[in-house]
Amino acid sequence: MSTALAALERSLPTQFVQRGAVMMDVPILQPSDPYLDTAGEALRRRIFLTKGEDGRGLCLRPDFTIPVCLAHIAQGAGLPRRYAYCGTIFRQSGDGPSEYPQAGIEDLGDADRAAADGRTIADALGVLADCGIDLTIVETTVGDQALFEQFLSSLGLPSGWQRRLIRTFGHDTLLRQALESLATGGSRASIDSLSPELYELALARDLAKLSDNIRDRMEEGGLPLHRGRTPAEIAGRLIEKVAVAETRLDRTVLERLRAFLSIDCPLDRSVDALEMLCRESGTDLGHSLDAFKARGEALARAGVDLAVLRYRAAFGRALDYYTGMVFEVSAKGQDGPLVGGGRYDRLVSYLGARETIPAVGFALWPGRMASIASGVRA
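Presented here is an overview of the structure given in this document.

**Quick word on the layout of surface pockets**
Over the atoms rolls a probe the size of a water molecule, and in doing so it shows where empty space is left.
So, step 1. Reported here for the largest pocket is a volume of approximately 1,100 Å³.
So, step 2. As for the largest pocket, its lining consists of 44 residues, and the residues nearest its centre are Arg46, Arg91, Pro337, Trp365 and Arg368.
So, step 3. Taken together, the elements giving at least two residues each to the lining of the largest pocket come down to helix H3 (41–44), strand E6 (99–108), strand E11 (339–343), strand E12 (359–364) and helix H16 (366–373).
So, step 4. Ranked by residues supplied to the lining of the largest pocket, first place goes to E6 with four residues.
So, step 5. Its residues placed into classes, the lining of the largest pocket shows 20 nonpolar, 14 polar and ten charged.

**Considering the pattern of salt bridges**
So, step 1. Applying the stated criterion across every chain, the model contains 18 salt bridges.
So, step 2. Residue Arg82 is joined to Asp107 by a salt bridge in which the shortest nitrogen-to-oxygen separation is 3.0 Å. In this pair, Arg82 sits in strand E5 (residues 81–90) while Asp107 sits in strand E6, placing the two residues 25 residues apart along the sequence. Each member of the pair, Arg82 together with Asp107, is buried.
So, step 3. A salt bridge links Asp107 to Arg119, with the nearest nitrogen and oxygen atoms 2.7 Å apart. You can see Asp107 sitting in strand E6 and its partner Arg119 sitting in helix H5 (residues 113–130), a full twelve residues away along the chain.
So, step 4. Among the residues examined, Asp107 registers a relative accessible area of 3% and is labelled buried.
So, step 5. By relative accessible area, Arg119 is classed as partly exposed at 27%.
So, step 6. Through salt bridges with shared partners, a single ionic network connects Arg19, Arg82, Asp107, Asp110, Arg119, Asp123 and Asp130.

**Let's talk about the packing of helix H1 (residues 3–18) against H16**
So, step 1. The interhelical angle for the contact between H1 and H16, taken along N-to-C directions, is 115°, at an axis separation of 9 Å. Like other packed secondary-structure pairs, H1 and H16 cross with a definite hand, here right-handed. Residues Ala4, Leu5, Leu8, Glu9 and Leu12 of H1 pack against Pro366, Gly367, Met369 and Ala370 of H16.
So, step 2. In terms of residue class, the contact of H1 with H16 is made up of seven nonpolar, one polar and one charged.

**Here's the deal with the packing of aromatic side chains**
Each aromatic ring pair is described using two quantities: the centre-to-centre distance and the angle formed by the ring planes.
So, step 1. Scanning the model with the defined rule gives eight aromatic pairs in all.
So, step 2. Ring plane angle 10° and centroid distance 4.5 Å describe the contact between Phe151 and Phe260, whose orientation is recorded as stacked. Of this pair, Phe151 sits in helix H6 (residues 145–155) while Phe260 sits in helix H12 (residues 251–261), and the two are 109 residues apart along the sequence. The same class applies to Phe151 and to Phe260, which are both buried.
So, step 3. On the numbers, 5.0 Å between centres and 70° between planes, the contact of Phe292 with Tyr311 is edge-to-face.

**Notes on the side chain of Asp107**
So, step 1. Among the polar contacts made by the side chain of Asp107, one reaches the side chain of Arg82 at a distance of 3.0 Å.
So, step 2. A polar contact is formed between the side chain of Asp107 and the side chain of Arg119, at a distance of 2.7 Å.
So, step 3. The residues touching Asp107, leaving out its near neighbours within four places in the chain, are Arg81, Arg82, Ala116, Arg119, Pro358, Ala359 and Val360.

**Some details on unusual backbone geometry**
So, step 1. With an omega dihedral of -5°, the bond running from Leu79 to Pro80 counts as a cis peptide bond.
So, step 2. On the secondary structure map, Pro80 appears in the loop between helix H4 (65–75) and E5.
So, step 3. Even without being glycine, Arg205 reaches a positive phi, approximately 60°.
So, step 4. One can find Arg205 in the loop between helix H9 (196–203) and helix H10 (207–220).

**What to know about H1**
So, step 1. A rise of 1.5 Å per residue sets the reference length of H1, with its 16 residues, at 22 Å; its end C-alpha atoms lie 24 Å apart and thus fit the reference within 8%.
So, step 2. The largest bend in H1 comes to about 25°, at Ser11, with the proline Pro13 one to four residues further on.
So, step 3. Looking only at H1, the buried set comprises Leu5, Ala6, Leu8, Glu9, Leu12, Gln15 and Phe16.
So, step 4. For H1, the elements touching its buried residues are strand E1 (22–23), E5, E6, H5, E12 and H16.
So, step 5. The first or second residue beyond H1 is Gly20, which carries a positive phi of 85°.

About the criteria used
- Residues numbered from 1 in each chain as written.
- Predicted model: local features only at pLDDT ≥ 70, side-chain atom pairs only at ≥ 80, totals over all residues.
- Heavy atoms only, no water.
- 1 Å grid on protein atoms, 1.4 Å probe; cavity = no way out; pocket = protein on both sides within 12 Å on 5 of 7 lines; lining within 4 Å.
- Points joined across faces, edges and corners; volume = space filled by probe spheres on them.
- Helix = DSSP H or I, 4+ residues; strand = E, 2+ residues; numbered from the N terminus.
- Nonpolar A, V, L, I, M, F, W, Y, C, P; charged D, E, K, R; others polar.
- Salt bridge = Lys/Arg side-chain N within 4 Å of Asp/Glu carboxyl O.
- Buried < 20%, exposed > 50% of the residue type's maximum accessible area, 1.4 Å probe, protein only.
- Axes fitted to C-alpha atoms, helices over the stretch in contact; angles between N-to-C directions.
- Left-handed = near helix turned anticlockwise from the far one by under 90°.
- Contact = heavy atoms within 4.5 Å.
- Phe/Tyr/Trp six-rings, centres within 6.5 Å; stacked < 30°, edge-to-face > 60°.
- Polar contact = N/O pair within 3.5 Å; in protein donor to acceptor, adjacent residues only side chain to side chain.
- Expected span 1.5 Å × (residues − 1).
- Bend = angle between axes of the 7 residues up to and from the residue.

Given below as structure tokens:
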């Protein structure tokens, strides 16, 4: 470990506590199901998996967000509460290290989402500055998962296409491919092997007859009906698959979607850009835009200059559990961000909390930070 990195890791806990966070230590060995279900393909394929003596799926800790949330639930601590961490994570890598340090803050239970979002970005930038990093050499990019989902909903796309586009958010290549499929009907290859009878029933959205047909085929083939997906579940997926394959967007709708995704501007000009798009396209972003405005106001109150942050409507992060604001701080010459984070309001209840708990946080990459702070480019 370099001297700069060791010094950085020693200083981070103090900085976190000064920002109102409680340091938390969580086990290296974690249940794997929460990651496999919520983390997203980019992280899932890098997890070190194993099994316990009881057959439970386990993994080496690939990040801290899920373990911190699980520990909070187990402790039954009051809310709101801020947790901080600093330790090693483990991710498979073809040509680099498989374990490296990660640190950060998870902010749970603050009902004022705009204030919590603003505090999260402000704290992330504040920690970087306190670690000796010149903020004039970094770029902060902000996106909004909720705003993207609301815009999709306003276009009236089939639910299957909405889900597909949401899954590609944060993956520029996949999103571009999905848009091309929408423009050309290029996803028909996915149903080429479907029998004409099943295709016609799925196209007519006749769930009852399609379920019966699938049940008959399963029985004829000797397939068990009580293992895996039911005939009704398979029928529902087929109906959605055919609807997606048969959808070709009207040019006007496609242009609106592309216009939204092309918004890329300083954050202090983003509201004007979004409102202009709404006026020109007749789109109503409703509460999502109100929340977006409130977040900007909270950031300004926290002392963040909105003009130096960048809003990119197509920007997302490759973790499936995000629900709202997402952001990254990067520096030229670095392979990967110095900081990344966002809002994940559904995750804690999915992990077992009895109520929905608002949650937002950020993760720091001390190794990258140390190379910047010491003037060495990684």
